[in-house]
2 protein chains.
Amino acid sequence: MKLSKKGEYALRALIDLGIAAEVGRPLVQVSELAAKELIPIKFLEQIMQLLKVEGFIESQRGKFGGYRLARSANKITIGSIVRLIDGPLAPIGCVSHTAYEKCSCPDETHCGLRMLMLDVRNAIAGILDRYTLADVVEVTLRKMRRDNVPLPFSDAPAARRSPARNADRPDLKPIEGLLSNLLSDYSI
Amino acid sequence: MKLSKKGEYALRALIDLGIAAEVGRPLVQVSELAAKELIPIKFLEQIMQLLKVEGFIESQRGKFGGYRLARSANKITIGSIVRLIDGPLAPIGCVSHTAYEKCSCPDETHCGLRMLMLDVRNAIAGILDRYTLADVVEVTLRKMRRDNVPLPFSDAPAARRSPARNADRPDLKPIEGLLSNLLSDYSI
DNA sequence: TTTAAACTATACTAACTCAATGTAGTTTTA
DNA sequence: TAAAACTACATTGAGTTAGTATAGTTTAAA
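Caption draft 1: Layout of the overall build of chain A. The helix and strand inventory of chain A stands at seven helices and two strands. Seen in sequence order, chain A has helices and strands lined up from the N terminus as α-α-α-β-β-α-α-α-α. Relative to its full complement of 188 residues, chain A shows a buried share of 51%. Taking contacts inside chain A between residues at least 6 apart in sequence as the whole, the part at least 24 apart equals 67%. Counting every atom, chain A has about 9000 Å² of accessible surface; 54% of that belongs to carbon and sulfur.

Now the structure itself:
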């Protein structure tokens, strides 16, 4: 049930771009991202290329160029990024919503394994399709501010502002988990 | 977030052995399992060997030999099987409970990605460590009986008996999902 | 006591994926 | 005009996956 390094790097880079945007930094260079996250620069360039082609980020070429998010962070779900890099979220093809594939088992309707794995796929998708880059950025920034850690991509400690995190997600069912708790607990 | 073919085959074989036990069949041969599940026989033999070494199953050698579960199906969690074949359930090492590994990111305590992936790992483990082979066997048999499908490993349709499914799991939190619903809904 | 059916052990391998690395550009702007 | 940055594409070494192949050993039924 692994996330690939490529997927991890893509998420880290996008979260960084989200933080940069939140902190008022217009562009971030690949070299800076690579240094901050300890990612081989050529590998990261490859990933950024893919993220650009797929419309997640935009680039500014030339000297003092760099990358920025192509749309607001709350319009980018984590699930869409993971699917792009690592394929379907489902553990096996016969329970994938986005890339169903018939499995070799003789009777799919009476397959207990399939039902179990459908639960797993729904649990994963329930998290990764619910949360956006903006959620992860907010949790990260909030923890850093609480601990008085200097924010990345900004010299001065950024002013506290209230992000429009749930603007476009009207009726979410309550959910358990770390992120959910951290996002609703404003004392953190 | 994939389950390997090897892991899938191991689970299928173990579920079959669980069904066989439930239906009163003492031993099942590898050749029969391979034919039923369309698994290459030499590959399955390899897997059965591993499951035996690890104490999940026992073998009877010689003519008319075969395999059986080494302990009651409700003592074998799905999570333990998946971990054996495919390693930790966690998407990244830094959130694994059974095989923690420090990640390359500069500040683990303020890493939003880590918190998110911890939610994912808990969601997966919450399912795979909660359910046992017995649960999957029961769901499978119940669906087959409801649809009057002939049960595997038995010529006559097996009598309905009440399995001791939750015998050793005293206080489980309620949980959502297909399996949970199917297991509690006795009309299915 | 033979022998077929079954499990056991170990070695090998083709194909694929992962995680980069290398080379050679093009574009932009200070 | 040249440094800094992005772009494109080819290559590669290591590791994993999903099997095959070969040569047994064990057991029980005939």
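Structure shown, so let's carry the discussion forward.
Caption draft 2: Layout of the nonpolar core. Among the nonpolar cores identified, the biggest contains 126 residues, and Met48, Met117 and Leu128 of chain A together with Met48, Met117 and Leu128 of chain B are the most heavily contacted of them. Beyond its immediate sequence surroundings of up to four residues, methionine 117 of chain B is in contact with Leu3, Leu11 and Leu128 of chain A together with Pro91, Ile92 and Val95 of chain B.

Caption draft 3: Local environment of the protein's contact with DNA strand D. Around DNA strand D, the structure places 29 residues, and the nearest of them are Gln49, Lys52, Gly66 and Tyr67 of chain A together with Gln46 of chain B. The contact in question runs from a phosphate oxygen of DNA strand D to an N or O atom on the side chain of serine 59 of chain A, over 2.9 Å. Lysine 5 of chain B places a polar main-chain atom, nitrogen or oxygen, 3.1 Å from a phosphate oxygen of DNA strand D. Put simply, the parts of the chain that give the surface near DNA strand D at least two residues each are helix H3 (41-53), strand S1 (57-60) and strand S2 (66-69) of chain A together with helix H1 (5-23) and helix H3 (41-53) of chain B. Sort the elements by how many residues they give to the surface near DNA strand D and H3 of chain A lands first, with five residues. Residues of the surface near DNA strand D, tallied by class, amount to seven nonpolar, twelve polar and ten charged.

Caption draft 4: Up close: the pairing of strand S1 (residues 57-60) of chain B. Residues and elements named next belong to chain B. Of the pairings in the sheet, the one linking S1 to strand S2 (residues 66-69) comprises four bridges and is antiparallel in character. Each residue of the ladder has a partner; that of glutamine 60, found in S2, is glycine 66. Counted along the chain from S1 to the antiparallel partner S2, the turn is five residues long, and its residue glycine 62 has a positive phi close to 85°.

Caption draft 5: Summary view of the interface of chain B and chain A. Counting from both sides, the interface comprises 50 residues of chain B and, opposite them, 50 residues of chain A. Regarding the contact of chain B and chain A, the summed buried area is about 4600 Å², with carbon and sulfur atoms giving 67% of it. Our enumeration of links across chain B and chain A arrives at zero salt bridges. The tally of links between chain B and chain A comes to 18 residue pairs in polar contact (both at pLDDT 80 or more). Counting residues per element, the ones that place at least two in the side of chain B that touches chain A are H1, helix H2 (30-37), helix H5 (112-128), helix H6 (133-146) and helix H7 (178-184) of chain B. Counting residues per element, the side of chain B that touches chain A draws most heavily on H5 of chain B, which supplies twelve residues. Its residues placed into classes, the side of chain B that touches chain A shows 33 nonpolar, seven polar and ten charged.

The rules behind each value
Residues numbered from 1 in each chain as written. Chains lettered and ligands numbered in written order. Predicted model: local features only at pLDDT ≥ 70, side-chain atom pairs only at ≥ 80, totals over all residues. Heavy atoms only, no water. Helix = DSSP H or I, 4+ residues; strand = E, 2+ residues; numbered from the N terminus. Buried < 20%, exposed > 50% of the residue type's maximum accessible area, 1.4 Å probe, protein only. Contact = heavy atoms within 4.5 Å. Areas by Shrake-Rupley, 256 points an atom, 1.4 Å probe, with all protein chains shown as cover. Core = buried A, V, L, I, M, F, W, Y, C linked by side-chain atoms within 4.5 Å. Near = heavy atom within 4 Å. Polar contact = N/O pair within 3.5 Å; in protein donor to acceptor, adjacent residues only side chain to side chain. Nonpolar A, V, L, I, M, F, W, Y, C, P; charged D, E, K, R; others polar. Pairing = 2+ DSSP bridges. Buried area = accessible area lost by both parts, 1.4 Å probe. Salt bridge = Lys/Arg side-chain N within 4 Å of Asp/Glu carboxyl O.

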